[in-house]
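# Structural overview
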Amino acid sequence: MVTTKFQYGREIYSLASKTPTKLSPTLASFIGRPEFLMFCDPQPSNSKTFIDVQNLLSEASRLLNMGCETPILAENQLKKLSLGAKFLKLDVENVKFLGRFGKDEFVDVIEFYFVSVIKWISRFDEFQKLERDVQMTLLNSIWHVFMRFHKCSATALFRKSNRNALPSQKILRNVCMDRMKSCLDTTWMSDFPREYVGIYMKSQNIYEEDVIEQIEKLSPTDVELTYMFAQTCFQYAGNRFQGEILKITDRFQQILSDDLHVYYIVEQKNSRYFKRLAELMKVNNMIQKSIWESRPQRELNRVFNVLKIGFSHPEMFQDSPFCSFT
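Residues numbered from 1 in each chain as written. Predicted model: local features only at pLDDT ≥ 70, side-chain atom pairs only at ≥ 80, totals over all residues. Heavy atoms only, no water.

## Some remarks on the overall build of the chain
A tally of helices and strands in the chain yields 12 helices and 11 strands. Going through the 326 residues of the chain one by one, you find that 54% of them count as buried. Excluding contacts between residues fewer than 6 apart, the proportion of contacts in the chain whose partners are at least 24 apart in sequence is 75%. Carbon and sulfur atoms form 55% of the exposed surface of the chain, whose accessible area is close to 15200 Å². (Helix = DSSP H or I, 4+ residues; strand = E, 2+ residues; numbered from the N terminus. Buried < 20%, exposed > 50% of the residue type's maximum accessible area, 1.4 Å probe, protein only. Contact = heavy atoms within 4.5 Å. Areas by Shrake-Rupley, 256 points an atom, 1.4 Å probe, with all protein chains shown as cover.)

## Overview of a nonpolar patch on the surface
A grouping of Phe 192, Tyr 196, Leu 300, Val 303 and Phe 304 is seen on the molecular surface, where their side chains present a nonpolar patch of about 510 Å² in accessible area. A per-element tally of the nonpolar patch places helix α12 (residues 295-304) first, with three residues. Tracing the sequence through the fold places Phe 192 in the loop between β10 (183-184) and α7 (194-203). Here Phe 192 falls in the partly exposed class, since its relative accessible area comes to 30%. (Patch = residues over 30% accessible without salt bridge, like charges linked within 9 Å, V, L, I, M, F, W, Y side chains within 5 Å. Salt bridge = Lys/Arg side-chain N within 4 Å of Asp/Glu carboxyl O.)

## Regarding the packing of helix α9 (residues 222-241) against helix α11 (residues 274-293)
Following both chains from N to C, one finds α9 and α11 inclined at 40 degrees, their axes separated by 10 Å at the closest point. Comparing their axes, α11 and α9 come out oblique. As for how α9 packs across α11, the hand of that crossing is right-handed. In contact with Glu 224, Tyr 227, Met 228, Gln 231, Thr 232, Gln 235, Tyr 236 and Asn 239 of α9, α11 contributes Arg 276, Leu 277, Leu 280, Met 281, Val 283, Asn 284, Ile 287, Gln 288, Ile 291 and Trp 292. Residue composition of the contact of α9 with α11, grouped by class: 10 nonpolar, six polar and two charged. (Axes fitted to C-alpha atoms, helices over the stretch in contact; angles between N-to-C directions. Parallel < 35°, antiparallel > 145°, perpendicular 65-115°, else oblique. Left-handed = near helix turned anticlockwise from the far one by under 90°. Nonpolar A, V, L, I, M, F, W, Y, C, P; charged D, E, K, R; others polar.)

## Digging into the pairing of strand β5 (residues 49-52)
Regular strands place side chains that alternate from one sheet face to the opposite one. Side-chain alternation along β5 places Thr 49 and Ile 51 on a buried face and Phe 50 and Asp 52 on a face that remains uncovered. In the sheet, β5 pairs with strand β11 (residues 309-311) via three bridges, with the strands oriented parallel. Of the residues in β11, the one forming a bridge with Phe 50 is Gly 310. (Pairing = 2+ DSSP bridges.)

## As for the pattern of salt bridges
Enumeration according to the criterion identifies 19 salt bridges in this entry. When the shortest N-O distance is used, the salt bridge between Glu 105 and Arg 100 registers 3.4 Å. Classification of Glu 105 as buried rests on a relative accessible area of 2%. Taking relative accessible area as the criterion, Arg 100 reaches 32% and is therefore assigned partly exposed. Residue Asp 319 pairs with Arg 298 through a salt bridge whose shortest N-O separation is 2.8 Å. Note that Asp 319 is positioned in the segment after β11 and Arg 298 in helix α12, a separation of 21 residues in sequence.

## Observations concerning unusual backbone geometry
Even without being glycine, Arg 173 reaches a positive phi, approximately 50 degrees. Inspection of the secondary structure puts Arg 173 in the loop between β8 (169-172) and β9 (175-178). A positive phi angle, near 70 degrees, is found at Asp 319, a position not held by glycine. Residue classification places Asp 319 among the buried residues on the basis of a relative accessible area of 2%.

## Side note on the packing of aromatic side chains
Enumeration according to the criterion identifies 17 aromatic pairs in this entry. Centre to centre, the rings of Phe 106 and Trp 188 are 4.8 Å apart; their planes meet at 65 degrees, and the pair counts as edge-to-face. Taken together, the positions of Phe 106 in helix α4 (residues 103-121) and Trp 188 in the loop between β10 and α7 put the pair 82 residues apart, joining distant regions of the chain. Each member of the pair Phe 106 and Trp 188 is classed as buried. Clustering of aromatic rings is evident, with ring pairs tying together Phe 114, Trp 143, Phe 311 and Phe 317. In this structure, Arg 173 is placed above the aromatic ring of Phe 112, and the distance from its NZ or CZ to the ring centre is 4.9 Å. (Phe/Tyr/Trp six-rings, centres within 6.5 Å; stacked < 30°, edge-to-face > 60°. Lys NZ or Arg CZ within 6 Å of the ring centre and 35° of its normal.)

## Examining the nonpolar core
Core analysis: the largest hydrophobic core is formed by 83 residues, its most contacted members being Phe 106, Phe 114, Leu 139, Trp 143 and Met 316. The contacts of Leu 139, once residues within four sequence positions are left out, are Leu 64, Phe 114, Val 117, Ile 118, Ile 121 and Phe 127. (Core = buried A, V, L, I, M, F, W, Y, C linked by side-chain atoms within 4.5 Å.)

## Quick word on the side chain of Ser 116
Tracing the sequence through the fold places Ser 116 in helix α4. Of note is the side chain of Ser 116, whose polar atom sits 2.6 Å from the backbone oxygen of Phe 112. (Polar contact = N/O pair within 3.5 Å; in protein donor to acceptor, adjacent residues only side chain to side chain.)

## What to know about the confidence of the model for the chain
Within the chain, residue pLDDT values average 83, and 84% of them lie at 70 or more. The least confident element of the chain is strand β1 (residues 3-4), whose mean pLDDT is 34; the most confident is helix α10 (residues 243-267), at 97. Every residue in residues 1-34 is under pLDDT 50, and counting partners more than four places away or in other chains gives 78 contacts. (pLDDT = per-residue confidence, 0-100.)

Take a look at the structure:
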């Protein structure tokens, strides 16, 4: 079996100029981090495209050992998480358009969000107190939930700031992909026609447009959006694992809820925030429904082998759009 690291060489389009410009040699250098995931060429006896995530998990351990890159001073943990997410803020004036999406871009998305979640949640003091195996269990389960939410929130911000934005344009890892213009290569991930794969992938994003529209309408503050991210991730992990994990994630949610209460009362001078919070939680509930209600389509994927992707650590991809039940 031959293992090779992938190379990046693709065109992106500047929102301002609408003309092709070359990205820096790799997307990894564009966001200032190394590459970790490895592709293994399919063998005749196994037609799956195998992706080894061991190096990425090793990098996760290294980042957790390092702790926060820079100390953040804030009055509570919700504020720390909010300030810690600044690096994910979309630069709406300089959004770039991705001209092609294939296996290199697929892997880059996984790395980007997994590493981003580690950097984000490392700001949370309660998370730092957990045993390493519990930390990794949480990280392996919430990174793709975080990805779903960030895709929707970044797209909502993009549309609000650019009234000419099209429904076909979505933001993923802070780059815009237009499904009507971008070239989607699915040959490496499926033997089915691209249209069939597109239908399956769309089935994994039900309610996505509703979530985007609601976020755009509600226009949550950075603190509110951070709470929404965290609550969605922790609720999913608790429901998935139950037991001790559920106790931990319930405690996390209670701490952040208390901090949010202080934010509304002290900073926003709003003691009647319950209706506002209820509207925000409707968005979170749609994200949860999207995950649970798309499970039958993932089962059909297993039966008909729509995706031919294998992972060295399949538990990391359970309930993700990339899940192939390996």
